[in-house]
Amino acid sequence: SRLDTLQSERSLRQTELRTSQETVNQNETTEASVQKITQSLGEFESNHLLSADRGRMGLYGSLNDLIRKNGLRNTSGPTYTPLEPSNSKSGTSGSKSANTKWQSIYPGIAISVTVEGQYQNLRHFIRDLETNSQLIIINSVELERSTETNNAPAPESGPPAGGRAALVSLRLEMTTYFQRPAQADGTNNAAVH
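Keep in mind it's a predicted model, so treat the numbers as computed, not measured.

Cut-off values and rules
Residues numbered from 1 in each chain as written. Predicted model: local features only at pLDDT ≥ 70, side-chain atom pairs only at ≥ 80, totals over all residues. Heavy atoms only, no water. Helix = DSSP H or I, 4+ residues; strand = E, 2+ residues; numbered from the N terminus. Expected span 1.5 Å × (residues − 1). Buried < 20%, exposed > 50% of the residue type's maximum accessible area, 1.4 Å probe, protein only. Arc of directions from axis to C-beta. Contact = heavy atoms within 4.5 Å. Salt bridge = Lys/Arg side-chain N within 4 Å of Asp/Glu carboxyl O.

Engineer: Could you clarify how one ought to interpret helix α3 (residues 119-130) in this entry?
Structural biologist: Given 3.6 residues to a turn, an α-helix orients residues that are three or four positions apart in the same direction. Taking 1.5 Å as the rise per residue, α3 with twelve residues should run 16 Å; its terminal C-alpha atoms sit 17 Å apart, in good agreement. Looking only at α3, the buried set comprises Asn121, Leu122, Phe125, Asp128 and Leu129. Looking down the long axis of α3, one finds its buried residues gathered within 120° of arc, a one-sided arrangement. Buried residues along α3 sit in contact with α2 (52-69), β2 (108-117), β3 (136-145) and β4 (168-177).

Engineer: Quick question: what am I supposed to make of the pattern of salt bridges here?
Structural biologist: Pairing is possible between side chains that carry opposite charge, provided their charged atoms lie close to one another. Under the counting rule described, the total for this entry stands at seven salt bridges. Here arginine 68 and aspartate 65 are joined by a salt bridge, their closest N and O atoms 2.6 Å apart. Pair noted here: arginine 68 and aspartate 65 are both in helix α2, with a separation of three residues, about one helical turn. Residue class for arginine 68 comes out exposed when judged on its relative accessible area of 59%. Among the salt bridges present, the one from lysine 69 reaches aspartate 128, with a minimum N-O distance of 3.1 Å. A residue pair is termed long-range when its members are at least 10 positions apart, and lysine 69 in helix α2 and aspartate 128 in helix α3 qualify at 59 residues.

Engineer: What is the right way to look at α2 in this model?
Structural biologist: Between its first and last C-alpha atoms α2 spans 25 Å; for 18 residues at 1.5 Å apiece the expected length is 26 Å, and the two agree. Listed in full, the buried residues belonging to α2 are Gly55, Leu59, Ser62, Leu63, Leu66 and Ile67. End-on view of α2: buried residues confined to an arc of 125°, all on one side of the axis. The exposed set on the far side of α2, more than 90 degrees from its buried face, consists of Asp53, Arg54, Met57 and Arg68. Along its buried surface, α2 packs onto β1 (73-83), β2, α3, β3 and β4. Directly after α2, the chain includes glycine 71, whose backbone phi takes a positive value near 65°.

Following this line, the structure appears as structure tokens:
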């Protein structure tokens, strides 16, 4: 009877030991995962996001260059709306702007632009935006047949054999994000909770 009790207690202790070891291993794995995520986030920010000043000026020039390069006509915008980081203390609580849904932990700019041109040129414009060296996220795309034909840009390639190709109007809602400003101690706000 005593032997059975001791073996049962031994079995219970071994189970507790295995559970404790699994918990320790899981904590080590979680800690390694947190370090990996933090490192990946730091690399993303330093390698793919520009500083706000440099990125903003580059964005303005790049967008205008892409519109011209693809033979498009700017019919509305671009309008630029600054996006404060979502954890920013500035801003009034209780008031929500239309751009709240595009906020992130990074400062950024919401961009709205409408251009007009040949469908093929619009496709090239979107491709050029997506492959741009600056991180630009296209949030929405609206296409419709253009009603304006005055001052239409000359197409890069000739019109189709059946006559002049119809112009298409493209409205894009985009966002771009920048590096977070450094704090007084020289580090970024990269806290993982």
